Amino acid sequence: MEPMDIVGKSKEDVSLPKATMFKIIKEMLPPDVRVARDAQDLLVECCVEFINLISSESNEVCGKEEKRTIAPEHVLRALEVLGFGDYIEEVYAAYEQHKLETLDSPKAGKWSSGAEMTEEEALAEQQRMFAEARARMNNGVSIPKQSDSDRSLES
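Note on numbering: residues in each chain are counted from 1, in written sequence order. Where local features are concerned, this predicted model is filtered to residues with pLDDT of at least 70; where side-chain atom pairs are given and counted, the filter is 80 or more; whole-chain, interface and lining totals use all residues. Hydrogens and water are ignored here; the side-chain numbers use all heavy atoms of the structure.

So, the pattern of salt bridges
Here a salt bridge means any side-chain nitrogen of Lys or Arg lying within 4 Å of a carboxyl oxygen belonging to Asp or Glu. Under the criterion given, the structure shown has seven salt bridges. Across the pair Arg128 and Glu101 runs a salt bridge, and its minimum N-O distance is 3.9 Å. Residue Arg128 is found in helix α6 (residues 119-137), and its partner Glu101 is found in helix α5 (residues 88-101); the two are separated by 27 residues along the sequence. Three labels apply to residues, based on accessible area from a 1.4 Å probe with only protein chains included: buried if under 20% of the type maximum, exposed if over 50%, partly exposed otherwise in between. Residue Arg128 is classed as buried on the basis of its relative accessible area, which comes to 9%. The class of Glu101 is buried, set by a relative accessible area of 12%. Measuring nitrogen to oxygen at the nearest pair gives 2.4 Å for the salt bridge that ties Arg128 to Glu132. Strands here are runs of E lasting at least two residues and helices are runs of H or I lasting at least four, both read from the DSSP assignment and numbered beginning at the N terminus.

Observations regarding the packing of aromatic side chains
Centre distance within 6.5 Å is the pairing criterion for rings of Phe, Tyr and Trp, where only the six-membered ring of Trp is used; planes under 30 degrees apart are then read as stacked, over 60 as edge-to-face, and the remainder as tilted. The final tally for this structure, using the stated rule, is three aromatic pairs. When the centroid spacing of 6.3 Å and the interplanar angle of 55° are considered together, the rings of Phe84 and Tyr87 count as tilted. Note on Phe84: relative accessible area 25%, which makes it partly exposed. Centre to centre, the rings of Tyr92 and Tyr95 are 6.1 Å apart; their planes meet at 50°, and the pair counts as tilted. One end of the pair, Tyr92, and the other, Tyr95, are both in helix α5, three residues apart, so they sit about a helical turn from each other. Judged by relative accessible area, which is 40%, Tyr92 ranks as partly exposed. Put simply, the rings of Phe50, Phe84 and Tyr87 touch in pairs and so form one group of aromatic residues.

Thoughts on unusual backbone geometry
We note that Glu66 has phi near 55°; this positive angle belongs to a residue other than glycine. You can see Glu66 is positioned in the loop between α3 (37-64) and α4 (72-81).

Topic: the state of the cysteines
We call a pair of cysteine sulfur atoms a disulfide when they lie within 2.5 Å. Enumeration over the complete set of coordinates arrives at zero disulfides. Cys47 forms no disulfide, and the closest cysteine sulfur to it belongs to Cys46, at a distance of 7.0 Å. Under the relative-accessibility criterion, Cys47 is labelled partly exposed at 30%.

Notes on the packing of α4 against α5
Here the axes come from fitting lines to C-alpha atoms, over the contacting stretch only for helices, and the angles between their N-to-C directions go from 0 to 180 degrees. Running from N to C, α4 and α5 point in directions that differ by 160°, and their axes come no closer than 10 Å. By the criterion of interaxial angle, the relationship of α4 to α5 is roughly antiparallel. Classified by chirality, the crossing of α5 by α4 is right-handed. From α4, Pro72, Leu76, Leu79 and Glu80 reach across to α5, where they touch Ile88, Val91, Tyr92 and Tyr95. Looking at the contact of α4 with α5 residue by residue, the classes come out as seven nonpolar, no polar and one charged. What sets the label is the angle itself: under 35 degrees gives roughly parallel, over 145 gives roughly antiparallel, 65 to 115 gives roughly perpendicular, and the rest give oblique. Definitions for this section: a left-handed crossing has its near helix turned counterclockwise from the far helix by less than a right angle. A right-handed crossing has that turn clockwise. Contacts: residue pairs with any heavy atoms within 4.5 Å of one another. Amino acid classes used here: Ala, Val, Leu, Ile, Met, Phe, Trp, Tyr, Cys and Pro are nonpolar; Asp, Glu, Lys and Arg are charged; the rest, including Gly, are polar.

Written out as structure tokens, the structure reads:
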């Protein structure tokens, strides 16, 4: 039985946003490198399978501890069990950064002040996040986060 069968979803029902994934793929490569559409689709499918694999193993780790909620430590342990131990430090750093960015509110995150983001602000934030992810993948260099006061000066 495939993991997808367990949750009652077919592969067509569970996917990642292809446009976003294609953008990430393109941004991680040198500008002169092209990726065939079939290769892009394959990379997206690999990402979906990786998420399924980590989720399934995290659930097993969680179950062995007789817990009902998968916690971050279960995901980190799953990475180790599956042979991705070399990535744990980087994953944990990204998790800590995420916690810092969403510290404003446990439910609404950093945009909980009641102010809606414009499409331009959302695009700028997405670009900043892509740049941070790229920097982490390329030598662990991080781009400083733009503060809310800097953002309001641009408006």
